[in-house]
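Residue-level structure breakdown
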Amino acid sequence: MRIAAFTGGHSFDRDAFADFLDSLPGEVTWHEHPDADLGPADLEAFDVSLHYDMPGTLPTPSDPPAALRAAVAAAPETGHGYVVLHHAIASWADRDGWAEFVGGRYLYRPGVVRGVQCPDSGYRHAVEQRISVVDTAHPVVSGLPLTFDLVDETYLCEVFEDDLTPLLRTDAEMTDAVHWSTVLAMAGRRDEREGWHHRPGSALVGWTKTNGRSRPAYLQPGDKAPTLSDPLYRRLVAGALEWAARQR
């Protein structure tokens, strides 16, 4: 299996991520923004893309480059697979295309999602949580126990559950009583929620989605080294890569 891994646009533990990549099945080629503008022809050399990036959001929102837009648009025909991890759901935060492709949207400021006005999304670091496997027969979760524990960041964001095949749910509280406002964090008021309100969010933290021949998978955990080094998490990501690449 040939894996194109993408980072950039968000801080991360480089050593922990490099060790994590070394644990994955197949041959990994690491690309980093801004030098990661791969189009459909470039991705022909790979079976699956692994996204741990967050481009097009900071310091100001920007549009995806033409090559990336073309790659996502072509995926339903090419069958190229995608595994999207953690903060990569927030890439190109002002564009609908990536969110619809992945199955959810993280808002850095209030916006309209599928015709509904929504507040900025929320975050909460280092949450002790129990993850439950929803679909035990799905190949992505093969070999995992029915439940496992992680300490990881949670997101209070928009999840398009009706379009998804659910894989994992968390028992963490998904309300604005325990999450922090992204708008306030961007204004220098990190870990605050004064005046911010958000309806209760989805407990779904792992899913798959079919886009033509392309089969994206999203896994919300993956914030820091303890999760990236966790054997069960590595088994989960490996299963997602193998499943997403299968159409190739």
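Attention here is on the structure that accompanies the text. Only a predicted model underlies this, so the values are computations on that prediction, with no experimental measurement involved. (Residues numbered from 1 in each chain as written. Predicted model: local features only at pLDDT ≥ 70, side-chain atom pairs only at ≥ 80, totals over all residues. Heavy atoms only, no water.)

Attention now goes to the overall build of the chain. Counting its regular elements, the chain contains seven helices and 14 strands. Its C-alpha atoms give the chain a radius of gyration of 17 Å, within 12% of the compact-globule value 18 Å for 248 residues. For the chain, the spread of C-alpha atoms along the principal axes amounts to about 50 × 40 × 35 Å. By residue count, 54% of the 248 residues in the chain fall in the buried class. Of the roughly 10,500 Å² of accessible surface on the chain, a fraction of 50% belongs to carbon and sulfur atoms. Here the chain carries 22 positive and 36 negative side-chain charges, and the mean point of each set is 3 Å from the other. (Helix = DSSP H or I, 4+ residues; strand = E, 2+ residues; numbered from the N terminus. Rg over C-alpha atoms; globule rule 2.2 N^0.38 Å. Buried < 20%, exposed > 50% of the residue type's maximum accessible area, 1.4 Å probe, protein only. Areas by Shrake-Rupley, 256 points an atom, 1.4 Å probe, with all protein chains shown as cover. Lys, Arg positive; Asp, Glu negative; His and termini not counted. Charge placed at Lys NZ, Arg CZ, Asp CG, Glu CD.)

This next bit is on helix H1 (residues 14–22). Among all positions of H1, only Ala 16, Phe 17, Phe 20 and Leu 21 are buried. What you see down the axis of H1 is that its buried residues fit within an arc of 135°, all on one side. Of the exposed residues in H1, the ones pointing more than 90 degrees away from its buried face are Asp 15 and Asp 22. Its side-chain oxygen 3.2 Å from the backbone nitrogen of Asp 15, Asp 13 forms the N-cap of H1. (Arc of directions from axis to C-beta. Polar contact = N/O pair within 3.5 Å; in protein donor to acceptor, adjacent residues only side chain to side chain.)

Counting residues in each nonpolar core, the largest one holds 34 residues, and the members touching the most others are Phe 20, Leu 50, Leu 85, Leu 168 and Val 237. Per-element tally for this core: the top contributor is helix H7 (residues 231–245), with eight residues. If we skip the residues at most four places from it in the chain, Val 237 touches Phe 20, Leu 24, Leu 50, Leu 85 and Leu 219. With 31 residues, the next largest nonpolar core counts Val 84, Ile 89, Tyr 106 and Trp 207 among its residues. (Core = buried A, V, L, I, M, F, W, Y, C linked by side-chain atoms within 4.5 Å. Contact = heavy atoms within 4.5 Å.)

Scanning the model with the defined rule gives 12 salt bridges in all. The salt bridge involving Asp 47 is made with Arg 2; its shortest N-O contact spans 2.9 Å. Placement of the pair is Asp 47 in the loop between helix H2 (40–43) and strand E3 (48–51) and Arg 2 in strand E1 (residues 2–7), with a sequence separation of 45 residues. For Asp 47, a relative accessible area of 13% translates into the label buried. Close ionic contact of Arg 169 with Glu 161 constitutes a salt bridge, the shortest N to O distance being 3.1 Å. The partly exposed category is assigned to Arg 169, whose relative accessible area is 28%. Here the residues in one salt-bridge network are Glu 100, Arg 114 and Asp 163, joined through shared partners. (Salt bridge = Lys/Arg side-chain N within 4 Å of Asp/Glu carboxyl O.)

Turning to unusual backbone geometry, a few remarks are in order. Phi is positive for His 86, close to 45°, though the residue is something other than glycine. Topologically, His 86 is positioned in the loop between strand E4 (81–85) and helix H4 (96–102). The phi torsion at Asp 191 lies on the positive side, around 60°, for a residue other than glycine.

In this structure, Thr 182 sits in helix H5 (residues 182–186). A polar contact of 2.7 Å, which involves the side chain of Thr 182, links it to the backbone oxygen of Ser 121. Excluding anything up to four places from it in sequence, Thr 182 contacts Tyr 106, Leu 107, Tyr 108, Asp 120, Ser 121, Gly 122 and Tyr 123.

So, on to the pairing of strand E9 (residues 147–156). Within E9, seven of the 10 residues are buried, leaving the element largely enclosed by the surrounding structure. As paired strands, strand E8 (residues 122–133) and E9 are joined by nine bridges and run antiparallel to one another. Pairing of Arg 124 across the sheet is with Thr 154, part of E9. (Pairing = 2+ DSSP bridges.)

Take the layout of surface pockets next. Of the voids in this model, the largest pocket is the one considered here, and its volume is about 480 Å³. Lining the largest pocket are 25 residues, with His 10, Tyr 108, His 125, Glu 153 and Arg 190 sitting closest to its centre. Among the secondary structure elements, those contributing two or more residues to the lining of the largest pocket are E8, E9, H5 and helix H6 (225–228). Looking at the lining of the largest pocket element by element, the count peaks at three residues for H5. By volume, the second largest pocket amounts to about 220 Å³. If you go around the second largest pocket, you meet 13 residues; those closest to its centre are Cys 157, Glu 158, Val 159, Phe 160 and Arg 199. Broken down by secondary-structure element, the contributors of at least two residues to the lining of the second largest pocket are strand E7 (116–118) and strand E10 (158–159). Per-class residue counts for the lining of the second largest pocket are seven nonpolar, three polar and three charged. (1 Å grid on protein atoms, 1.4 Å probe; cavity = no way out; pocket = protein on both sides within 12 Å on 5 of 7 lines; lining within 4 Å. Points joined across faces, edges and corners; volume = space filled by probe spheres on them. Nonpolar A, V, L, I, M, F, W, Y, C, P; charged D, E, K, R; others polar.)

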